[in-house]
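Geometric and topological summary
Chain by chain, the residues:
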Amino acid sequence: MTEAIRAEGLVKAFGRTRALDGLDLTVRTGEVHGFLGPNGAGKSTTIRVLLGLVRADAGTARLLGGDPWRDATALHRRLAYVPGDVTLWPNLSGGEVIDLLGRLRGGLDKRRRADLLERFDLDPRKKGRAYSKGNRQKVALVAALASDVELLILDEPTSGLDPLMEEAFREVIGEDRGNGRTVLLSSHILAEVEALCDRVTIIREGRTVETGTLAELRHLTRVSIQAELAGPADGLAALPGVHDLQAQDGRVRFDVETGALGAALRHLTDAGVRGLTSQPPTLEELFLRHYDRTGTPGEKHAEVSR
Amino acid sequence: MTTLTGTGKLVRLILRRDRLLMLWIPFVALVPISYVASINEIYPTAAARQQYADASMNSAGFVALYGRPFGSGLGELVAWRAGFLPLIVGLFSLLTVIRHTRTEEEAGRRELLGATVVGRHSGLAAALTVASGANLVLALLMGAALAGQGLPVAGSLALGVGCAAAGWVFAAVGGLTAQLTEGAGGARGIAVVALGAAYVLRIAGDLAGQGEGVLSWLSPISWVLRIHPYGEGSLWVLALAAGLTAVLAVAAVALSARRDVGAGLLPARLGPATAAPGLRTPLSLAWRLHRSLLAGWMAGFAVLGVVLGGLADSIGDLVHDNQMQDILARMGGKGGLIDAYLAGIMGLFGLIAAGYAIQATLRLRSEESALRAEPLLATSVGRLRWAGSHIAFSVLGPVAVLAAAGLAAGLTHGLNTGDVGRQVPRVLAGALVQLPAVWVLAAIAIALSGLLPRLAPAAWVALAACLFFGLVGPVAQLGQGLMDVSPFTHIPKAPGGAVSATPLVWLVLIAAAIAATGLAGLRRRDIPTL
């Protein structure tokens with residue numbers, strides 16, 4: 001089995017709002033897959049469909065080779081889930097919750113539990129009501145990461161964690177990747193996905209807009225160029241694929257589509273280059289482009305090029 | 001007074017949030033009207049009232065429940081019967097204050113407000129203001145209502161203010177305990193224990209001392225009678241209540257000034273670092289979530305059983321005039337009357353136990369809406385197994401609760417009559433025979449949770465309807481067809497009546513069918529449905 005998760009054409013409506021509108025998602029076995037989208041894009045709903053908690057109105061979903069709705073309890077032994085909004089039972093201690101959830105899954109690795117408690121700096125003796133949001137998140141994370149399972153489904157797992165703990169989380173996931181575990185990581189924290197994920201699916205308004213490796217996605221995007229020139233670079237703005245040009249006192253700054261990069265650089269060399277910096281697009285930029293409410297990326301290109 | 005900035009706004013916020021809950025005020029305030037009517041009807045003459053007062057004075061059960069009557073006038077008897085109200089008023093008052101102080105703090109909303117222009121003590125001050133104001137309204141309402149029944153105005157107001165005084169004292173107790181613990185549950189627990197201790201002191205004092213028990217004086221619950229409404233009117237007792245309230249409120253403010261927002265003065269207790277080996281199934285989790293609720297209900301039912309069972313033997317002594325004696329003879333003599341009383345009490349227990357059954361069942365729904373069901377259902381726990389872990393308590397919990405009441409009542413009554421061997425099984429059976437009707441109510445809550453989760457609290461409406469049919473129906477002479485809607489109408493009257501299995505079997509089958517429909521819905525629907 002090479003695919004841990006395959007969802008095609010998922011549709012789910014809650015009353016009049018369409019939470020999922022033909023969503024596709026494929027996660028290969030053994031990869032860390034980033035699942036990106038702004039709040040309300042349908043990430044949590046997709047995950048609930050994959051967990052058999054919510055039934056899709058249309059589309060198909062396969063999880064670990066089974067039907068997530070029909071085979072829910074059998075499949076759940078093989079996965080661990082951290083919800084986006086962790087609430088604990090007020091009168092149970094964190095340690096009790098970790099053990100209980102582990103036992104209700106496939107079992108718990110005691111050494112790993114102790115190790116994770118230390119790395120996340122979590123006191124397991126506190127009662128559920130006494131934990132802060134970040135510490136509740138840690139309880140759920142330790143329970144999931146110490147569980148003996150092949151698939152982790154993490155819904156915005158670092159919300160509420162401080163930067164130090166985010167770092168600890170990244171380390172742990174990085175180590176897990178070596179163990180052949182599959183991870184579905186939903187997030188809107190782009191640096192996290194960039195640092196951790198092999199492949200990414202970006203969704204918007206219940207629909208998949210991009211999917212692929214980070215390198216593949218960058219193909220679709222632009223490079224930012226800053227250059228200091230010896231002479232004037234006339235005609236640069238007229239080149240196809242060059243956007244947002246700013247020129248002042250021999251300095252130029254623009255974005256260029258990857259396909260037009262060669263032509264733009266030739267144009268610069270002709271003018272005489274004294275200094276040059278280029279930056280690959282960050283996921284932030286990818287994100288902003290996809291979720292720019294003014295329209296789809298294609299339309300925007302056309303408008304700016306004109 | 002910058003520490004009180006914004007108190008007025010918070011008061012308005014509380015009033016807005018509690019506008020429905022505040023209905024307890026007119027409800028409690030108008031209860032004594034029914035005393036006037038019933039005493040007038042049953043004991044129309046001064047002689048009959050004198051006998052009633054004498055008999056009550058010598059009945060340990062009545063003294064425990066209400067205290068000692070200070071006279072045999074209509075007003076004095078009404079004031080005596082109202083002796084139970086300070087307990088209820090005190091309870092509502094302390095719950096109101098804790099709800100708007102520690103509960104808010106625990107939920108983090110206090111912090112949200114604290115960051116706005118709101119003084120350090122404003123939350124506490126607003127909660128105390130609302131609770132005190134509510135009690136003032138209660139005093140005026142009760143006074144006006146009783147004066148409207150033709151009782152003296154001054155005495156009626158004194159009775160109202162006496163009840164409100166208990167509210168003021170225990171509102172301040174709530175304000176104080178809210179400073180002690182980090183959790184609202186702990187604060188409520190300590191405050192309720194204080195209230196219970198006051199009640200026990202009053203009982204002990206009244207039972208021990210003829211007339212003015214010294215111990216009773218220590219209990220704010222008893223002060224309403226010490227004022228002697230409709231009698232000499234010792235209003236200086238109110239100064240005692242006001243003084244105690246002030247001391248408690250000042251102490252609460254002093255404690256509040258010494259601590260951080262969110263922290264309690266008593267350290268939060270730590271739990272175990274690892275789970276006990278037994279905590280590995282949904283049922284063992286449900287036990288942890290339900291056990292304190294169940295224990296509380298069992299204890300409450302046991303106390304009620306002791307008090308009401310203890311009254312049973314003296315019921316026969318209260319009937320003096322000839323007309324009543326005739327009715328008594330037709331009911332099978334004193335034994336028949338006592339059985340009818342016990343059967344009535346058991347019916348009441350059944351209705352109240354249905355409240356527990358609904359509360360336990362709705363935990364299912366609250367687990368879902370608090371998002372705690374989701375992580376469980378994402379493990380190997382199936383939906384029915386999860387639901388079943390809570391439903392076990394809605395089915396078996398009422399058995400334990402009713403058994404506690406039946407055993408306590410049967411044992412007390414048996415000891416009073418020297419007939420434990422016979423009374424315990426009879427009274428216990430009378431309690432347990434209520435179960436099929438209780439299960440129907442639980443099943444309605446299950447069905448709503450499964451099929452119409454957003455409407456799950458409507459199960460309480462079903463119970464309210466049963467209460468209406470059970471308590472008001474016979475008086476209002478509703479048609480049998482209407483009365484038959486309530487499952488409790490079909491429960492045999494026991495002890496004393498003939499118990500037929502047919503209606504019980506039907507009720508169980510109906511309950512099972514309703515519950516099964518709900519579970520079928522639960523299997524199909526989205527979780528969580530918020």
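Computed from a prediction, not measured in an experiment: that's the story for all the values here.

Conventions and cut-offs
Residues numbered from 1 in each chain as written. Chains lettered and ligands numbered in written order. Predicted model: local features only at pLDDT ≥ 70, side-chain atom pairs only at ≥ 80, totals over all residues. Helix = DSSP H or I, 4+ residues; strand = E, 2+ residues; numbered from the N terminus. Buried ≥ 20, exposed ≤ 12 C-beta atoms within 10 Å, placed from the backbone. Contact = placed C-beta atoms within 7 Å. Nonpolar A, V, L, I, M, F, W, Y, C, P; charged D, E, K, R; others polar. Expected span 1.5 Å × (residues − 1). Domains from an automatic or database assignment. Pairing = 2+ DSSP bridges. Axes fitted to C-alpha atoms, helices over the stretch in contact; angles between N-to-C directions. Core = buried A, V, L, I, M, F, W, Y, C linked by C-beta atoms within 7 Å. Parallel < 35°, antiparallel > 145°, perpendicular 65-115°, else oblique. Left-handed = near helix turned anticlockwise from the far one by under 90°.

The next point concerns the overall build of chain B. The helix and strand inventory of chain B stands at 24 helices and zero strands. Along the first, second and third principal axes, the C-alpha set of chain B runs to 70 × 65 × 40 Å. Out of the 530 residues belonging to chain B, those deemed buried represent 47%. Considering only contacts in chain B between residues 6 or more positions apart, those separated by 24 or more positions represent 76%.

Chain B puts 28 residues into the contact, and the matching count from chain A is 31 residues. Counting residues per element, the ones that place at least two in the side of chain B that touches chain A are α15 (282-315) and α18 (373-377) of chain B. In terms of residue class, the side of chain B that touches chain A is built from 15 nonpolar, six polar and seven charged.

With that out of the way, let us pick up helix α24 (residues 501-524) of chain B. Residues and elements named next belong to chain B. For α24, with 24 residues, the first-to-last C-alpha span of 35 Å sits near the 34 Å given by 1.5 Å per residue. Every buried residue belonging to α24 is among L507, A511, I514, A515, G518 and L522, and all of these are buried. Those residues of α24 that are buried lie in contact with α19 (383-417) and α21 (435-451).

Interfaces are often described in size by the accessible area the parts lose on coming together. Annotation of chain A at the domain level lists domain 1 (3-215) and domain 2 (218-305). The gap between the C-alpha centroids of domain 1 of chain A and domain 2 of chain A is 37 Å.

What follows covers the sheet that holds strand β1 (residues 3-14) of chain A. Residues and elements named next belong to chain A. A sheet is described by the order of its strands in space; here three strands give the open sequence β2-β1-β4, paired in antiparallel fashion. The open sheet has two free edges, formed respectively by β2 (17-28) and β4 (58-63), since each of these has just one partner strand. Recorded for the sheet is a direction-independent mean angle of 15° between the axes of neighbouring strands. When β1 meets β2, the two strands line up antiparallel, connected through nine bridges. Note that in β2 the partner of A7 across the bridge is L25. Running at roughly 115° to β1, helix α1 (residues 43-50) makes contact with β1, β2 and β4 of the sheet.

A separate point is the nonpolar core. Counting residues in hydrophobic clusters, the biggest one holds 219 residues, and the most contacted among them are V142 of chain A together with C163 and L441 of chain B. Ranked by residues supplied to this core, first place goes to helix α17 (residues 333-369) of chain B with 17 residues. Contacts of L441 of chain B, omitting those with residues within four sequence positions, involve A354, A357, I358, A462, L463 and C466 of chain B. Core analysis: the next-biggest nonpolar cluster, separate from the first, contains 10 residues, I225, A233, V256 and A264 of chain A among them.

Moving on to the pairing of strand β6 (residues 151-155) of chain A. All names here are of chain A. The buried fraction of β6 amounts to five of the five residues, a majority that puts the element mostly inside the structure. Residue alternation in β6 divides its side chains into two sets, L151, I153 and D155 and L152 and L154, and both sets are buried. Summarising the sheet, strand β5 (residues 79-82) and β6 pair through four bridges and their orientation is parallel. Each bridged residue has a counterpart across the sheet, and for A80 the counterpart in β6 is L152. Here five bridges tie β6 to strand β7 (residues 182-187), and the two strands are oriented parallel to one another.

The next subject is the packing of helix α6 (residues 85-100) of chain B against helix α11 (residues 184-208) of chain B. All names here are of chain B. With their axes 10 Å apart at the nearest point, α6 and α11 run at an angle of 160° to one another. In terms of orientation, α6 and α11 fall into the roughly antiparallel class. In this structure, α6 crosses over α11, and the sense of that crossing is right-handed. Here L87, G90, L91, L94, L95 and I98 of α6 lie close against α11, whose contacting residues are A184, A187, R188, A191, L195 and Y199.

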